[in-house]
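One-letter residues, chain by chain:
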Amino acid sequence: MRERIEALPGMPALISALDGLPPAYLVGGAVRDLLRGASPVDLDVVVEGDALAVARAVAERLAGEAHEHDRFGTATLRAPGLVVDLATARREAYAEPGALPEVEPASLEEDLARRDFTINAMAIALPDGTVVDPHGGQADLAGGVIRVLHDRSFVDDPTRLLRALRYE
């Protein structure tokens, strides 16, 4: 897995720039795509810690820029040959169906549990390439199963219905 990650555009530089910073994980669709042998379209990294501070540090190390989105604890990092979204590991609460979530820092496990489907609730530790799959996403991916993680999934975010159809 590590070889496939390092073959992604800009990933060797990113992995090097993450050295000494809080634990970081490739997450979501990029993991799903790598596991099925496809090339990821977007790179999303979850940080167990302050993703905004990590984005600033990595941007400085790579002579890039970090565009911060404070409300959600996320940043888009642009550096030569690399565009990646970084997010603080978080939990979410929805005041009402379809509303933007209220977020607060959490563990990687809680972050993965808030996601839409098991096939998107996996992570790969950077730099070692260890797959973290607490919800059986690899088995669902192999079996062609689209499974939500919790009963309120479509209530919290109705657009997940459209994603389920696209993945199907």
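What you see is a predicted model; the values in this text were computed from it and never measured.

Peer 1: Tell me about the overall build of the chain, and name the residues and values.
Peer 2: On a plain count of helices and strands, the chain comes out with 8 helices and 9 strands. Expected size for 168 residues packed as a compact globule is a radius of gyration near 15 Å; at 16 Å, the chain falls within 12% of this value. Structurally, the chain occupies a C-alpha span of about 40 × 35 × 25 Å along its principal axes. The buried share among the 168 residues of the chain stands at 43%. A sequence separation of at least 24 residues applies to 52% of the contacts in the chain between residues at least 6 apart.

Peer 1: Kindly report on the sheet that holds strand S2 (residues 44-47), identifying the contributing residues and their values.
Peer 2: The mixed open sheet is built from 7 strands, whose spatial order is S3-S4-S5-S2-S1-S8-S9. Because the sheet does not close on itself, it has two edges, and the strands there are strand S3 (65-69) and strand S9 (131-132). Pairing geometry for strand S1 (residues 24-27) and S2, over 3 bridges, is antiparallel. The partner of Ala 24 across the bridge, within S2, is Val 47. Of the strands in this sheet, S2, S3, strand S4 (74-79) and strand S5 (82-88) touch helix H4 (residues 51-61), which is tilted by about 165 degrees from S3.

Peer 1: Residue-level account of H4, with values.
Peer 2: Here H4 has its buried residues at Ala 51, Leu 52, Val 54, Ala 55, Val 58 and Ala 59. Viewed end-on, H4 has its buried residues packed into an arc of 160 degrees, placing them on one side of the element. The N-cap residue of H4 is Asp 50: its side-chain oxygen and the backbone nitrogen of Leu 52 are 3.0 Å apart. One or two positions beyond H4, positive phi appears at Ala 63, with a value near 55 degrees.

Peer 1: For the pairing of S4, give the residues involved together with the corresponding values.
Peer 2: Burial analysis of S4 places 5 of its 6 residues in the buried class, the great majority of the element. In this structure, S3 lies alongside S4, joined through 5 bridges in antiparallel fashion. Across the sheet, residue Ala 66 finds its bridge partner in S4, namely Leu 77. Taking the residues between adjacent antiparallel strands as the criterion, S3 and S4 are bridged by 4 residues, where Gly 73 takes a positive phi near 70 degrees. Here S4 folds back onto S5 in antiparallel fashion, the turn holding 2 residues, of which Gly 81 has a positive phi close to 75 degrees.

Definitions and limits used
Residues numbered from 1 in each chain as written. Predicted model: local features only at pLDDT ≥ 70, side-chain atom pairs only at ≥ 80, totals over all residues. Heavy atoms only, no water. Helix = DSSP H or I, 4+ residues; strand = E, 2+ residues; numbered from the N terminus. Rg over C-alpha atoms; globule rule 2.2 N^0.38 Å. Buried < 20%, exposed > 50% of the residue type's maximum accessible area, 1.4 Å probe, protein only. Contact = heavy atoms within 4.5 Å. Pairing = 2+ DSSP bridges. Axes fitted to C-alpha atoms, helices over the stretch in contact; angles between N-to-C directions. Arc of directions from axis to C-beta. Polar contact = N/O pair within 3.5 Å; in protein donor to acceptor, adjacent residues only side chain to side chain.

Everything listed here is a matter of geometry and, on its own, says nothing about what the molecule does.
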